[in-house]
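Below are the chains, spelled out letter by letter.
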Amino acid sequence: MTVTNEQKTKLVNQAKVAYASAYAPYSKFHVGAAALTAQDNIVSGCNVENASYGLTVCAERNCIAQAVIGGEQDFKTLVIYTEQEKLTPPCGACRQVIVEFFEPQAIIMAVNHLNQSKTWTVDELLPSAFTPKDLI
Ligand code: THU
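Counting restarts for each chain: residues are numbered from 1 in the order of the written sequence. Only residues with pLDDT of at least 70 are given local features in this predicted model, and only at 80 or more are side-chain atom pairs given and counted; all residues enter the totals for whole chains, interfaces and linings. Hydrogens and water are ignored here; the side-chain numbers use all heavy atoms of the structure.

S.K.: A description of the packing of helix α2 (residues 59–69) against helix α3 (residues 92–101) should follow, citing residues and the corresponding values.
M.R.: Contact geometry of α2 with α3 gives a least axis separation of 9 Å together with a crossing angle of 30°. The pairing of α2 with α3 is recorded here as roughly parallel in orientation. In the packing of α2 onto α3, the handedness of the crossing is left-handed. Taken together, the residues of α3 that come into contact with α2 (itself represented by E60, R61, I64 and V68) are A93, C94, V97, I98 and F101. Here, axes are lines fitted to C-alpha atoms. For helices the fit covers the stretch in contact, and angles between N-to-C directions go from 0 to 180 degrees. Secondary structure counts use DSSP, requiring at least four H or I residues in a row for a helix and at least two E residues in a row for a strand, with both numbered from the N terminus. Here the angle decides the label: under 35 degrees means roughly parallel, over 145 means roughly antiparallel, 65 to 115 means roughly perpendicular, and every other value means oblique. Left-handed is the label given to a crossing in which the near helix is rotated counterclockwise from the far helix by less than a right angle, and right-handed is the label when the rotation is clockwise. Residues count as neighbours in contact if any of their non-hydrogen atoms are within 4.5 Å of one another.

Pasting the structure below:
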């Protein structure tokens, strides 16, 4: 699936905007995410923590849910933005949710405030994943 440089720039900008909305009073670890849908729309999300810590939802999962609410279930790529020197990869739970909606060769990109980036394919993040096909 083609993602243009212009779309990449927009995704990074949207992830940065979402980052500013992160609700992370407990960890103080703010995360923003933005995804490009198959129909070329951009959706975004931030992490939302809770006093009952286990109820925290990561930026990536909120971002994906935002698209699903809008009627889109297929994605081309996703960007994760943090202001960490060590680029932030998606957590295990998010990897499983990413696998549900992205092709194995789709690119997931982590970026930071220093304009550094790192990419993985979905398959690299969660090889031998349990997918909807396993239920058939
Ligand atoms: N977090 C995310 O939102 N995405 C990730 O990829 C890693 C972790 C959040 C969850 C929690 O609010 C905080 O970062 C620290 O774990």
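S.K.: Lay out the nonpolar core in plain terms, naming residues and giving numbers.
M.R.: F75, L78, F102, I108 and V122 are the most contacted members of the largest nonpolar core, which has 21 residues in total. Where this core is concerned, the elements lending two or more residues are β1 (32–37), α2, β3 (75–82), α3, β4 (102–112) and α4 (122–125). Contacts of F75, omitting those with residues within four sequence positions, involve M1, A35, L36, T37, A38, V43, I64, A67, F101 and F102. The definition of a nonpolar core used throughout is a set of buried Ala, Val, Leu, Ile, Met, Phe, Trp, Tyr and Cys residues joined through side-chain atoms within 4.5 Å. When accessible area is computed with a 1.4 Å probe and restricted to protein chains, residues below 20% of their type maximum are described as buried, those above 50% as exposed, and intermediate ones as partly exposed. Within the second largest apolar cluster, 10 residues are counted, among which are V12, A15, A34 and V79.

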